[in-house]
Structures are given as C-alpha cells and as structure tokens.
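A closer look at the structure
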Amino acid sequence: MAGKHYAQSVFTKSAMVSGLLTDAQIREAITGIIRSEKHQARRPDEISDRDLSAYLVSQDILTSYQVDQLIAGRTKLSLGSYLIKDWIGQGGMGQVFKAEHQVMGRVCAIKVLPLSKSTDHAIESFMREIRVQANLDHPNLVRAYDAGKDGNVHYLVVEYVPGTDLRRLVRSRGRLSIQQASNIIKQAAEGLAYAHEKDLIHRDVKPGNILVTPDGLGKVSDLGLAAFMTDYESDPRHGKVVGTADYLSPEQIRNPKDITSVSDIYSLGCTLYYAVTGKVPFPGGSAKNKARRHLEETPWHPRRFNEEVSDEFVDLIADMMEKEPSARLPSASEVAQRLEPWASDLSPISTGQMTRSRWMAEPLPTESDGEAFPNGQDTDSAYDLNELIAAASGQSSSVTQGTMSNLGALQDTTGSADSMPPPPPLIYETGFRTAAFRQLEFMRRLLWIAIPAGVAAGFALGWAAAKLL
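Conventions and cut-offs
Residues numbered from 1 in each chain as written. Predicted model: local features only at pLDDT ≥ 70, side-chain atom pairs only at ≥ 80, totals over all residues. Heavy atoms only, no water. Helix = DSSP H or I, 4+ residues; strand = E, 2+ residues; numbered from the N terminus. Contact = heavy atoms within 4.5 Å. Areas by Shrake-Rupley, 256 points an atom, 1.4 Å probe, with all protein chains shown as cover. Expected span 1.5 Å × (residues − 1). Buried < 20%, exposed > 50% of the residue type's maximum accessible area, 1.4 Å probe, protein only. Pairing = 2+ DSSP bridges. Axes fitted to C-alpha atoms, helices over the stretch in contact; angles between N-to-C directions. Arc of directions from axis to C-beta.

A word on the overall build of the chain. Regarding its fold elements, the chain presents 16 helices and 13 strands. Intrachain contacts of the chain at a sequence separation of at least 6 include 69% that bridge at least 24 residues. Carbon and sulfur atoms make up 52% of the accessible area of the chain, which totals about 22200 Å².

This part covers helix 5 (residues 120–134). Along its 15 residues, helix 5 runs 21 Å from first to last C-alpha, staying within 8% of the 21 Å computed at 1.5 Å per residue. Residues of helix 5 that are buried: Ala 122, Ser 125, Phe 126, Arg 128, Glu 129, Ile 130, Val 132 and Gln 133.

Next up on the list: the sheet that holds strand 4 (residues 107–113). Taken together, six strands build an open sheet; the order of strands is 1-2-3-4-6-5 and the sheet is antiparallel. The sheet terminates laterally at strand 1 (78–79) and strand 5 (144–150), the two strands that pair on one side only. Here six bridges tie strand 4 to strand 6 (residues 153–159), and the two strands are oriented antiparallel to one another. In the strand pairing of strand 6, Leu 113 is matched with His 154. This element, helix 4 (residues 64–71), spans strand 2 (82–90) and strand 3 (95–101) of the sheet and lies at about 95° to strand 2.

A word on helix 1 (residues 10–18). Every α-helix winds through 3.6 residues per turn, so residues three or four apart in the chain are directed the same way. Restricting attention to buried positions, one finds in helix 1 the residues Phe 11, Thr 12, Ser 14 and Ala 15. Down the axis of helix 1, the smallest arc covering the buried residues is 165°, so these residues share one side. Of the surrounding elements, those touching the buried residues of helix 1 are helix 2 (23–35), helix 3 (49–58) and helix 4. Immediately downstream of helix 1, the backbone of Gly 19 shows phi near 85°, a positive value.

On to the pairing of strand 5, then. Here strand 5 runs beside strand 6; their pairing, made up of six bridges, is antiparallel. Opposite Gly 148, over in strand 6, you have Tyr 155 as the bridge partner. What sits between the antiparallel neighbours strand 5 and strand 6 is a turn of two residues, in which Gly 151 has the positive phi angle 65°.

Everything listed here is a matter of geometry and, on its own, says nothing about what the molecule does.
What follows is the structure, given as structure tokens:
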C-alpha cells in the first residue's frame, strides 16, 4: 500500500492523538499526493509534513489553524461537543474561536475565558455575560446558543457572523459612504433599542463590537460589559469605569454609577463619526487625555474628513454626542428613525476575506496553560472611578503607575487614527453644533460680518477724505 511506511512526525502523531485524523486518513492523503502529477516520483517516507498538511487543507480535511496547532504539538482542539476550526480574535473577556458542533454540524463562534484570567472576579463576570446573552433574541444582536465548561475552561457559544467588524472594515477600506454607515448604525441602533427595552445597557459600543456581514447586515456583539439598569448592585463592576476610551460617554467618566441607556447612544454617535470619517473623535494621546477631551472638547467637524457629510447628517451626529445626557437623543429607536432617510437601501458591502496574521494564532486553553495572574489581578476593562477622574483632570499625584498602565489598556487600537498627535486648538465649523457651542458659533458669525464691514467702511472714509483734500 502506498502509505504503508510513512514517516511518523510530531504533526502526524498530534493529528491522531487529537482525533482529527486517523491512520487510514493519513495513508489515504499520502496516496493522493503520490498519485498527483507533481509528486509521481515520491516515496511515502519522502512526503514532508508541509506537503501532507497542504494537501489536507486543500481537501478541506483540516484548516490552516488546525495544521499550525498540530505542527506545534498541540492535541487539544475541542471543547465539549465543539471542534475548534479557526481562531477569530481576542475579545474584551477572552479568546474567540470558530467551531463546529460535532453532531449537528452547526458552525458557531466560541468565546473562551483563558485560564490566565480565570480569577473568581473574571469567572463571575463571564458567567454574567452568559446569562445576559441567554435572554436576548434579536436579528441585530449576536445570539447565544450554548455555554459550558471543559475541565477548568469556561466557554460561551454564540452565533457565527461571517464577514468582519466595523473597525476592521474601515481600516481596510477607508471611511464608508453615508448610506453604508447609516445602514450599519441604524441596525445597531435597532439592536440596542431591543436591549434597552430589556433594561440592559451595553456600555462598550464601538466599531469593533459591530459585526458586518457581506450582505450588509449589522449585529452588535460582545455584551460582556453589559449591566442591567435595575440591578446594578449584582454587577461586580458596579461603580467602575468600563469600556473603551475612544468611545466613552462623559457620564461614564464622571459617575458610572448613574449611567443610563443614552450612554450607549453617545458611544454609537462616536462610532458613526468613525464610520463616516475614518477617524476616532479624539485621535492621539493617552487614555486619560481622551477621557478629558470627552468631558471638555468637541471633535473636528466631520466634513474636514468627508465632504459628502450634509449639515443634517452632522446635526444627527452632534445630537448623539451631546455632552449632557439630557440634551442627547433620548432613545436608540429615535436614532434609527433619524437615520432612515440615508439608510433606505440595504446594499451589499464587500467585507473581503479576513487576513491571517503573520503571527501564529492563539492556541486553545488547556489545563497546563499556567496559573492566574498574581494577587488576583485580571485584565478586565474595569477601572476605579476616582483614579480615572483624577487622571482625566490632571491630578497625577493620586494616580499610581499601575493605574496609568490600566488606562492604556482602555484604548481602542484604531490604526493610524490613534497614532496621530493631538490636533491643534479646535476649529468650529458650521454644522457640527452641540448646545455648548451654538452661541459661540453665532458670535463668530457676527464677527465674520462685522469685521469685513468695518474694513470696508474704513476704506470708504479714507477714499472720501482723499477726495476732499
């Protein structure tokens, strides 16, 4: 038989131990390689792991992710009844994998809490997320299917959404058209409106948490930081600032104990700004600097980055990003209604293929992956209120170096936008108007009229005087 004496290797041994391949499948694959025109002269023991793995991937027997893990000698590629197929990315609470139910064949996404983060606090927060998502069912929210524990590894099984997230979409394609951005944000607003009706506040609305399918469907994901409006005390992060610095509402910084659903609307406004400009509202600087600017400053006018933005559209963004919650649009439903004129057609969006990183993808956590962080520390995005306020207001004497490191973790890595230096003093252009600056703009317009008129009058008097002389 053509595969009888193939050379055993870490790859083939790991493949059989993992259960992904049988000895017969390996022999059959080697036979297929030898029969191919390119390898007619090869003997079974001359087939390399590279040749074998490439053939298995081409035949859809293994995925590239599985091959990478097997070559590295890893044999744990399942969680409960789910077979891990690929690595999707890193979420706020843990790693996210693409998986398939071994009996039902349903493709899904699995969020896994790494053992290195499995402190009592992190497990409590993770279980809270599972319970939150179990009660939600809306086409514009990522649905939860299952949850479980494999050894000491906790996991949540959710709907797999093909495509990409809004952050990656903008980074790869540049800013979106007004219609595309309106379609996506309108759907996100509808999903949030449903969550708000369930007395749930997301608290971490941002481009990275809005998934976009190739046919233009938008879904809000990552409800791990969510809190119930009526049950704050049961939230282990109650009284702490949670979220991402580029999209934090001012009240989340001032007093997160009193946040309401309109905090999500501010963050969604920042997300809409990002979608149509390709820039975060306050690019550059540290997390504490961003927090201060959310409290005190107004972003650059969107038309500076996108000439297609109309005054009416800019007013909508401004109404979503009002500093004072009482002046902001009162509901996500109203946001969706206001976006309707620009979101009349659900056009397909070319999300492209997800690009594999040149770095090896994260392995599935196993029992031997190490201990939790010392002193019970974890990397959950929850920060002490007083420390963040002190940092935002420049009271550095009460902020420790450890706190500054935590604040850095709040930042959303939105590419070149975040690497820009802080802009010079703000230029207020017609259109991007919040309540605090409308009077300023009125005075500026008066000056625009008064100064040229004064100069013209001066010239006229000078000319008349010259005539008389």
